[in-house]
Amino acid sequence: MDGAAPDARLKGVIERLAELLPAQGPIGIFIHHNTLHAFESQDFEQAVVSAGEKLSCEPFLPEEEYRREFQSGRILEQDLRWALGDELGPDAARAVFDDLTRLELRIRIARYGIPKAAGASLAWLLQETPVLRRFREDIPNDARQALRNGSSARDLWRACLAAARKTPAAPFVPPAPPARHRDLLLAAAGTDTDAWVNPVLIRLLGAFLDQGLARWSLPEASRGLYACFLHLYANSWASLCGRWAARLPDLIREERRLGLSPSASLERSLEVLGVGGEEAAGFLEATALALRGWAGMIRQLEERPDRVPARSRPAAVMEYLAVRLLLERAALSYAASRLPGFGATLSELRAHLRGLLEPPPLASDEERAWQIFHAAQLCGLTAARIGGLSAAQAAALEAELAGFDETSRRRVLQSAYDRHLRGRLCDALSARVPAPTPSPAAYQAIFCLDEREESFRRHLEETAPDCETFGAAGFFGVAMYYQGATDAHPRPLCPIAVKPRHYVGEMKIDPSAALARWRRVRRRQSGRLGQLLHRFNGTFLGGYLITTVAGPLSILPLVLRVVFPGLARRWSLALPFSKTPATRLLLDRRPEAPPIGAHYGYTKEEMAAIVGNLLRGAAIAGRLAPVVVVAGHGSTSLNNPHESAHDCGACGGGRGGPNARAFAQMANDPAVRALLAQDGLRVPEQTRFIGALRNTCDNSVEFFDLDLLPREHEKRFGRIAADFARTRRKEAHERCRRFENFPLSGGHGAALAHVEERAHDLAQPRPEYGHASNAFCVVGRRSRTRGLFLDRRAFLTSYDPTQDEDGSILESTLAAVTPVVAGISLEYYFSRVDPSGYGCATKLPHNVASLLGVMNGTQSDLRTGLPWQMVEIHEPVRLFLVVECAPERFESVLERLPTVRRLLDGRWIFAACLDPNSRALRLRGTDGYRPWTAQAPLPSVVGDSASWYRGRRDHLPIAEIIPPPEAALP
Amino acid sequence: MIALILRGGVLLALAAPALLLAVLALPGFLGRPWSESRVGLLTQAAFLASFGAVAAAGLAYAAGARVPLVIHLGGWFSKDGGFSFDLLVDGWSLGFAALSVGICGVVSSFSFRYLHREPGFQRYFILLVCFVGGLLLVALAGSVEVLFAGWELLGLSSALLVAFFHERPAPVDNGFRVLAFYRIGDACMLSAAVLLHHWAGSDSLSLLFSGGAGHLSRLGADHVVTIAVLLIAAAAAKSALLPFSTWLPRAMEGPTPSSAVYYGALSIHAGCFLLLRASSLVQYSAATRILTAAAGLATAGYAALSGRAQTDVKSKLCFASLAQVGIIVVEISLGLNTLAFLHMSGNICLRLLQFLSAPNILHDLHQLENDLGASLAAAEEPPAAWGGALYLFALERGFLDGLMDRWLAEPLERLAAALESLDRRLCRIPAAFFGGGDGA
């Protein structure tokens with residue numbers, strides 16, 4: 001080509017195509033990310049369409065799903081009018097013909113739709129169903145009126161047919177033929193070589209990447225996939241893989257004789273397959289995407305070998321492609337040998353197959369008339385009016401209809417769907433008078449900004465009107481490698497973008513050494529027994545002993561765990577050695593080298609910086625109450641490979657308890673307080689911080705280091721613990737309204753028992769609904785949202801614009817928060833709009849492969865994204881970020897945050913600014929800010945949250961919860 | 001009194017799933033399916049009733065004289081040696097029936113929560129009930145007709161559950177493969193039934209199942225061996241013994257609980273149970289004994305070997321289960337029937353538990369590592385002999401897929417194609433003869 005070394009050129013091609021592969025790492029640490037991160041530089045609406053074509057995925061929901069939302073009032077016609085008006089701009093009022101404007105035509109088509117029908121299905125509709133005997137039922141009233149005065153449906157159909165015949169059909173632009181031989185072969189001859197190659201490749205990749213499931217390791221794996229493949233499949237037994245593999249060992253032996261490197265082998269395969277230089281990029285891209293889950297995992301481990309500390313492998317996409325093409329060459333030469341009338345080499349195969357493909361036919365007159373027929377019904381155009389159209393007018397109508405194809409309709413509907421929900425939050429925020437802050441607060445609680453904490457904070461505030469809550473990224477500024485006292489390995493607890501430098505361990509402080517020893521020995525014993533079971537389960541003799549001795553006994557745990565999960569949990573908790581020992585964090589800097597990271601523990605200065613940043617950022621500094629609870633969150637569930645996806649996103653898919661505990665310990669340290677005081681941040685001496693971990697699945701709350709709590713705080717803490725206990729019951733009740741198998745009439749106690757059982761039930765595919773309700777992110781003071789029922793839809797980050805003179809706090813807040821929440825929002829969006837393309841479809845047949853991911857059955861691609869059970873109740877909307885600050889401030893901060901800005905400009909997320917001094921809202925658009933004018937009044941209800949949600953299962957509108965008069969008194 | 005409980009218990013145990021099937025399926029046909037909670041309630045009630053009935057019958061049997069009892073349900077043309085519907089009640093049949101119903105009850109309780117909101121919820125439970133009915137018929141069969149009916153129900157519900165997610169091609173393809181292998185077994189069983197009728201003039205299984213060698217004296221030695229070999233082949237196809245083992249990992253496409261109950265637990269042991277019942281046939285001659293032992297031993301070795309290289313949890317488990325199935329077959333061939341039955345129940349319960357908690361593997365191994373305070377032991381190096389061929393053999397599951405395609409599927413396809421073209425040519429003869437057109 002241009003003289004670049006072939007090796008470097010191929011590397012460049014592979015770097016580019018690797019961007020397209022799913023960026024999901026090992027499933028044990030699940031980090032939400034934008035599924036289409038590779039397309040972020042494009043506009044969202046373009047990106048979803050172009051990515052959809054490349055990956056064969058859906059860009060939006062099906063049209064019918066949006067139309068259903070019109071009935072429930074989730075989308076209003078007004079929203080559609082806005083969305084279309086925005087898109088068409090000044091063109092909206094232009095007439096298609098006569099007085100029919102483009103806007104009017106498109107609104108009607110988007111709202112009511114044109115049934116999809118072509119070829120045989122259209123013929124069937126016309127002949128066998130009453131579509132021509134009477135008009136559609138679901139058309140607007142004015143159209144029905146107009147049609148009633150005209151002639152019959154059949155006349156209209158004839159007129160439409162005549163109109164279509166006035167002009168020739170638009171020339172058809174055939175899509176580019178597929179790049180891969182396999183796709184052409186499948187289309188032309190019905191032979192699928194992937195069905196031969198993939199199973200072999202999947203087994204090989206599974207063995208290569210395995211993190212500890214197989215008893216035997218793959219020989220030569222340390223030399224890389226390519227060398228390992230050449231070693232293993234040169235064996236003549238490999239030809240037994242199937243008839244297609246008859247020549248495989250020979251092919252590999254020749255490859256070995258030539259002594260090619262992976263890239264040279266790739267070059268050679270491309271040459272043999274007749275793929276020229278220009279074309280190589282597209283061909284390799286399609287080849288890599290053929291098994292994109294596995295290829296993506298190879299890529300992840302190539303880039304981040306530290307994500308699998310146990311068994312890292314020299315993984316490389318280049319080697320994967322080299323192996324894949326060798327297998328394909330073997331399969332294709334066998335398939336080509338069976339192709340009648342083809343005797344040439346593989347490089348000629350594609351040209352031969354392209355010749356066999358038949359071009360798709362032009363649209364028939366009926367198919368064209370069908371579109372006009374429906375447009376006429378929706379707009380109330382009678383047969384006479386259609387008959388009166390000139391050829392030019394008919395052509396204009398047809399062009400307009402063709403320009404508003406299915407994808408465009410879904411795009412507009414999605415836009416309206418998004419817009420309506422944004423409007424609800426805007427209405428609520430602009431109607432709501434900021435709630436008075438309890439001053440001074442009896443106690444304060446800092447939670448993660450996670451939208452699942454919205455309900456917990458709301459219930460806590462309802463339970464204790466004199467408490468104050470805050471939201472911050474749930475790692476609380478403590479980015480660390482953490483290793484608990486019983487953990488075998490350290491793991492990072494911080495956002496994925498941060499690489500921790502500090503290591504923090506945990507130490508047991510059991511009062512009785514004998515008891516501690518006994519527990520440790522019991523644990524070791526049970527661990528060794530478990531390991532023996534794991535290793536010998538499948539063997540001849542070991543399996544024999546296990547099944548004959550332990551087998552009949554396993555009926556007990558079987559029945560107990562499956563039929564009575566609640567009972568099983570209570571009994572296992574009662575076992576004496578299941579108690580967790582008392583521990584302390586080893587937080588202070590120690591001289592020795594840590595097992596991972598740069599430093600063992602933190603210096604006092606580092607601690608002071610962490611504490612100061614959080615207290616200032618969340619605007620708690622200066623108003624500290626006597627007790628501040630710092631609550632991280634996590635989630636536990638059984639039989640759930642996606643368990644980590646329910647954990648804290650800000651802790652990199654980990655549980656934020658240790659972070660909260662570390663923060664509290666730092667903030668309680670007198671030396672840290674002294675340093676803070678020097679810096680002008682005074683922490684009152686009596687103020688105590690208490691770390692806590694809230695489990696979002698079974699609703700338990702665990703407080704840390706209570707034995708260190710000074711005596712004078714005991715009474716105060718007693719009250720706090722009681723408040724939390726009530727809150728977790730009430731919050732469990734609110735969560736349970738989404739679970740169909742919990743009766744709407746159930747009480748608080750039953751609700752708590754229900755969520756506890758869910759978390760410990762092997763048979764429960766939905767332990768919790770995770771982020772399935774996320775839609776908004778509010779960055780501002782809690783007084784702006786306190787008392788609003790936000791239905792667990794809003795990420796709430798505390799930020800006080802009055803304490804942020806230069807915008808630096810806003811900048812650091814948005815820099816930390818936006819990527820995390822946008823990642824969550826977009827991953828849910830994509831997994832919901834195409835559950836089996838972007839998501840991993842239903843959980844029920846999932847099978848854990850290599851401890852890295854899930855497959856369907858025993859030989860499928862690795863399935864990435866979220867399972868249907870996690871997203872089924874999600875409304876796929878783009879995140880709406882509301883920031884309490886002036887637009888100028890927001891823009892100046894965005895200048896310094898190019899990635900956030902790119903998300904906003906590409907409309908991957910939306911934003912608005914809430915005026916700090918009034919209730920005015922300004923929406924950020926592509927052409928500047930527009931003030932919000934209220935659309936609907938904010939519903940309100942007196943009582944508590946339950947007064948609003950009780951008896952209802954679906955997403956609820958935002959409402960104001962007005963406390964009953966007696967409770968409002970402090 | 002005891003006889004009454006025994007008879008009543010067995011009949012009730014069979015009637016409960018039959019009734020449940022009718023109750024579940026009918027409203028669905030009429031377009032008004034039951035709500036999920038109703039399905040759960042009905043299923044649990046029927047399984048409980050059925051289990052209670054079998055348990056009562058078992059107690060009655062144990063308390064009574066412990067003589068095998070034949071219950072004649074009716075017949076069709078039975079005067080002329082036609083079809084007869086008999087049940088044979090003894091310790092083995094009651095034991096296997098109780099185990100089957102109990103296990104299915106546990107699995108239905110699991111599935112009720114696991115399949116919540118799944119579009120195929122009703123279909124799943126209907127198939128599960130068919131499965132229980134099939135198992136009970138197999139367990140209690142006293143005549144070949146009953147055995148065959150149960151065998152078919154088992155196979156059909158199994159293949160349909162593999163193809164449960166029929167919107168994707170892979171499950172349908174694999175379900176079809178499972179069905180194809182089952183058909184081979186069915187053909188063998190049907191041949192055995194026909195030959196039994198022909199040679200013995202009777203279809204009573206008590207002849208084959210409950211008696212000692214003396215009962216077989218009515219048949220010639222080569223007849224007995226033929227029937228035994230056919231039954232062993234039928235059992236081998238159902239229990240995924242070699243050379244039929246290839247379908248087993250492919251059957252993991254359905255929902256986890258169905259994979260668990262079919263291929264981890266009950267269905268895969270149905271072949272073993274058949275051999276156990278027909279142990280007098282297996283024991284009849286050295287040839288049948290050696291054949292059975294060889295099939296069992298080869299399967300156990302194959303499964304233990306293949307299991308070592310598998311890297312997904314369900315394949316690992318199904319090979320672990322299969323290895324024990326092979327050993328159970330060996331035990332039967334040695335006449336260790338009680339041991340075989342105990343081993344079978346152990347394998348059923350353990351594998352079911354392991355399958356149902358298979359998605360929990362990450363959680364479990366993490367817990368194990370924490371208990372040990374260290375990483376799990378590294379994988380072993382496989383033997384390097386023959387250029388790693390042993391590892392390749394294990395990884396590729398003994399190349400059975402390729403071999404079966406080559407030696408079984410392709411010849412059959414060719415035969416079918418030849419027959420089809422013959423058929424087409426034959427059809428053309430009258431047209432040419434009468435000078436008619438193709439008739440479009």
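Fair warning: this is a prediction, and the values are worked out from it, not measured in the lab. Residue positions are given per chain, counted from 1 along the sequence in the order it is written. Chains carry letters from A onward and ligands carry numbers from 1 onward, assigned in written order. Local features are withheld for residues below a pLDDT of 70 in this predicted model, meaning they are given only at 70 or higher, and side-chain atom pairs are given and counted only at 80 or more; totals for whole chains, interfaces and linings count all residues.

Q: How should I be thinking about the overall build of chain B in this particular structure?
A: Broken down by element type, chain B carries 17 helices and two strands. Against the 2.2 N^0.38 benchmark of 22 Å for 440 residues, chain B shows a C-alpha radius of gyration of 23 Å, consistent with a compact globule. Dimensions of chain B, computed from C-alpha atoms along their principal axes, come out at roughly 75 × 75 × 55 Å. Between the buried cut of 20 or more and the exposed cut of 12 or fewer other C-beta atoms within 10 Å of a residue's own C-beta lies the partly exposed class, and all C-beta atoms are placed from the backbone. Here chain B holds 440 residues, and 56% of them are scored as buried. Here the contact rule is simple: place C-beta atoms from the backbone, and any two residues whose C-beta atoms are within 7 Å are in contact. Within chain B, contacts between residues separated by at least 24 positions form 76% of all contacts whose residues are at least 6 apart in sequence. Under the DSSP-based scheme used, a helix requires at least four consecutive residues in state H or I and a strand at least two consecutive residues in state E, with every element numbered from the N terminus. Our radius of gyration looks at C-alpha atoms and nothing else; its globule reference is 2.2 Å times the residue count to the power 0.38.

Q: Teacher, can you tell me more about the overall build of chain A here?
A: Counting secondary structure elements, chain A contains 37 helices and 23 strands. Expected size for 970 residues packed as a compact globule is a radius of gyration near 30 Å; at 32 Å, chain A falls within 12% of this value. Its C-alpha atoms put chain A at 90 × 75 × 60 Å along the principal axes. The buried share of chain A, reckoned over its 970 residues, is 50%.

Q: How should the pairing of strand E16 (residues 846–849) of chain A be read in this particular structure?
A: Residue and element names in this part refer to chain A. By the alternation rule, side chains of E16 split into His846 and Val848 and Asn847 and Ala849, which are all buried. Strand pairing is assigned whenever DSSP identifies at least 2 bridges connecting the two strands. Note: E16 against strand E17 (residues 853–856), four bridges, orientation antiparallel. Its bridge partner being in E17, asparagine 847 is matched across the sheet by methionine 855. What sits between the antiparallel neighbours E16 and E17 is a turn of three residues, in which serine 850 has the positive phi angle 55°.

Q: For this particular structure, what's the right way to read the sheet that holds strand E21 (residues 928–931) of chain A?
A: Strand-to-strand pairing in sheets goes through backbone hydrogen bonds, with the strands running parallel or antiparallel. Residues and elements named next belong to chain A. The six strands lie next to each other as E15-E13-E18-E19-E20-E21, forming an open sheet whose pairing is mixed. In this open sheet, the two strands that pair with only one neighbour each are strand E15 (794–798) and E21. Going across the sheet, the axis of each strand differs from the next one's by a mean of 20°, ignoring polarity. Here strand E13 (residues 776–780) pairs with E15 via five bridges, running parallel. Within E15, the residue paired with glycine 780 across the bridge is serine 798. Orientation is described by axes fitted as lines to C-alpha atoms, over the contacting stretch for helices, and by angles from 0 to 180 degrees between their N-to-C directions.

Q: Is there a simple way to think about the nonpolar core in this case?
A: When a protein is soluble and globular, its nonpolar side chains tend to lie buried together. Put simply, a nonpolar core is a cluster of buried Ala, Val, Leu, Ile, Met, Phe, Trp, Tyr and Cys residues tied together by C-beta atoms within 7 Å. Counting residues in each nonpolar core, the largest one holds 413 residues, and the members touching the most others are Cys160, Val611, Val630 and Phe663 of chain A together with Leu231 and Leu352 of chain B. Excluding residues that lie within four positions of it along the chain, leucine 352 of chain B makes contacts with Leu558 of chain A together with Ile103, Ala260, Val261, Gly264 and Ala265 of chain B. By size, the runner-up hydrophobic cluster in this structure holds eight residues, among which are Cys697, Cys736, Leu752 and Val755 of chain A.

Q: Please clarify how the interface of chain A and chain B should be interpreted in this entry.
A: Opposite the 78 residues of chain A that make contact, chain B presents 84 residues. Sorting the residues of the side of chain A that touches chain B by element identifies helix H10 (194–209), helix H11 (225–233), helix H23 (513–536), helix H24 (540–553), helix H25 (555–563), E16 and E17 of chain A as the ones contributing at least two each. Across the side of chain A that touches chain B, the residue classes break down as 34 nonpolar, 33 polar and eleven charged. Note on residue categories: nonpolar means Ala, Val, Leu, Ile, Met, Phe, Trp, Tyr, Cys or Pro, charged means Asp, Glu, Lys or Arg, and polar means any other residue, Gly included.

Q: Explanation requested: unusual backbone geometry in the structure shown.
A: Both trends apply: most residues other than glycine have a negative phi, and most peptide bonds are in trans. Here the amide bond leading from leucine 242 of chain B into proline 243 of chain B is cis, since omega sits at 0°, within 30 degrees of zero. Looking at the element boundaries, proline 243 of chain B is found in the loop between helix H8 (221–238) and helix H9 (247–250). Positive phi outside glycine occurs at asparagine 639 of chain A, with the angle close to 55°. When you line up the elements, asparagine 639 of chain A lands in the loop between strand E10 (627–634) and helix H28 (657–668). Of note, the phi angle at arginine 792 of chain A is positive, near 55°, even though the residue is not glycine. Here arginine 792 of chain A shows up in the loop between strand E14 (788–789) and E15. With 25 C-beta atoms packed within 10 Å, arginine 792 of chain A lands in the buried category.

Q: Quick question: what am I supposed to make of the pairing of strand E3 (residues 443–448) of chain A here?
A: Remark: a regular strand shows side chains that alternate across the two faces of the sheet. All names here are of chain A. Burial within E3 is extensive, with six of its six residues counted as buried. Taken together, E3, helix H22 (residues 452–463) and strand E4 (residues 467–472) constitute a β-α-β crossover, and its handedness is right-handed. Judged from the four bridges that link them, E3 and E10 form a sheet pairing that is parallel. Across the sheet, residue alanine 445 finds its bridge partner in E10, namely valine 629. Here is how to tell: hold the view so the strands point away, follow the path from the first strand over the helix to the second, and if it runs clockwise the crossover is right-handed.

Q: I tried to follow the environment of alanine 662 of chain A on my own but got confused; where do I start?
A: Residues and elements named next belong to chain A. Within the secondary structure, alanine 662 sits in helix H28. Sequence separation of alanine 662 and phenylalanine 475 is 187 residues, and the distance between their C-alpha atoms is 9.7 Å. Not counting chain neighbours up to four residues away, the residues in contact with alanine 662 comprise Val478, Val504, Leu585 and Leu587.

Q: So what exactly am I meant to see when it comes to the packing of H8 of chain B against helix H12 (residues 286–309) of chain B here?
A: Packed helix pairs are characterised by how far apart their axes lie and by the angle those axes make with each other. Residue and element names in this part refer to chain B. Here H8 crosses H12 at 10°, and the two axes come no closer than 10 Å. One finds that H8 runs roughly parallel with respect to H12. Along the contact surface, H8 presents Val225, Ala228, Val229, Ile232 and Ala236, while H12 presents Ala287, Thr288, Leu291, Thr292 and Ala295. Any angle from 65 to 115 degrees is called roughly perpendicular, while one under 35 is roughly parallel, one over 145 is roughly antiparallel, and all others are oblique.

Q: What's the story with the sheet that holds E3 of chain A in this structure? I'm lost.
A: Residues and elements named next belong to chain A. The mixed open sheet is built from five strands, whose spatial order is E4-E3-E10-E11-E12. In this open sheet, the two edge strands, each paired with only one partner strand, are E4 and strand E12 (701–703). Taken pair by pair, the neighbouring strands of this sheet meet at an average axis angle of 25°, ignoring direction. Packing against the sheet, H28 makes contact with E10, strand E11 (688–695) and E12, and its axis sits at approximately 175° to E11.

Q: Can you walk me through the packing of helix H27 (residues 604–617) of chain A against H28 of chain A in this structure?
A: Residue and element names in this part refer to chain A. For the pair H27 and H28, interaxial distance at closest approach is 9 Å and the crossing angle is 105°. Comparing their axes, H28 and H27 come out roughly perpendicular. Residues Met607, Ile610, Val611 and Leu614 of H27 lie in contact with H28, whose contacting residues are Phe663, Met666 and Ala667. For the contact of H27 with H28, the residue count by class is seven nonpolar, no polar and no charged.

Q: How should I be thinking about the environment of alanine 92 of chain A in this particular structure?
A: All names here are of chain A. Structurally, alanine 92 can be placed in the loop between helix H4 (77–88) and strand E1 (95–97). Residue class for alanine 92 comes out partly exposed when judged on the 17 C-beta atoms lying within 10 Å of it. Sequence spacing of alanine 92 and tyrosine 828 is 736 residues, and the spatial spacing of their C-alpha atoms is 33 Å. Ignoring any residue separated from it by four or fewer positions in sequence, one finds alanine 92 in contact with Leu84, Gly85, Thr101, Arg102 and Leu103.

Q: So what exactly am I meant to see when it comes to helix H4 (residues 121–140) of chain B here?
A: The end-to-end C-alpha distance of H4 of chain B, which contains 20 residues, comes to 29 Å, matching closely the 28 Å that a straight helix rising 1.5 Å per residue would cover. With 17 of 20 residues buried, H4 of chain B is to be regarded as a mostly interior element. Here, expected helix span is obtained from the residue count minus one, scaled by 1.5 Å.

Q: In this structure, what is going on with the confidence of the model for chain B? I would like to understand it.
A: As a general rule, the predicted coordinates of low-pLDDT regions are not to be interpreted in detail. The predicted model of chain B averages 86 in pLDDT, with 93% of residues at 70 or higher. On the interface metric, ipTM, the complex scores 0.91, and its pTM is 0.94. Confidence of the predictor at the level of single residues is captured by pLDDT, which takes values from 0 to 100.

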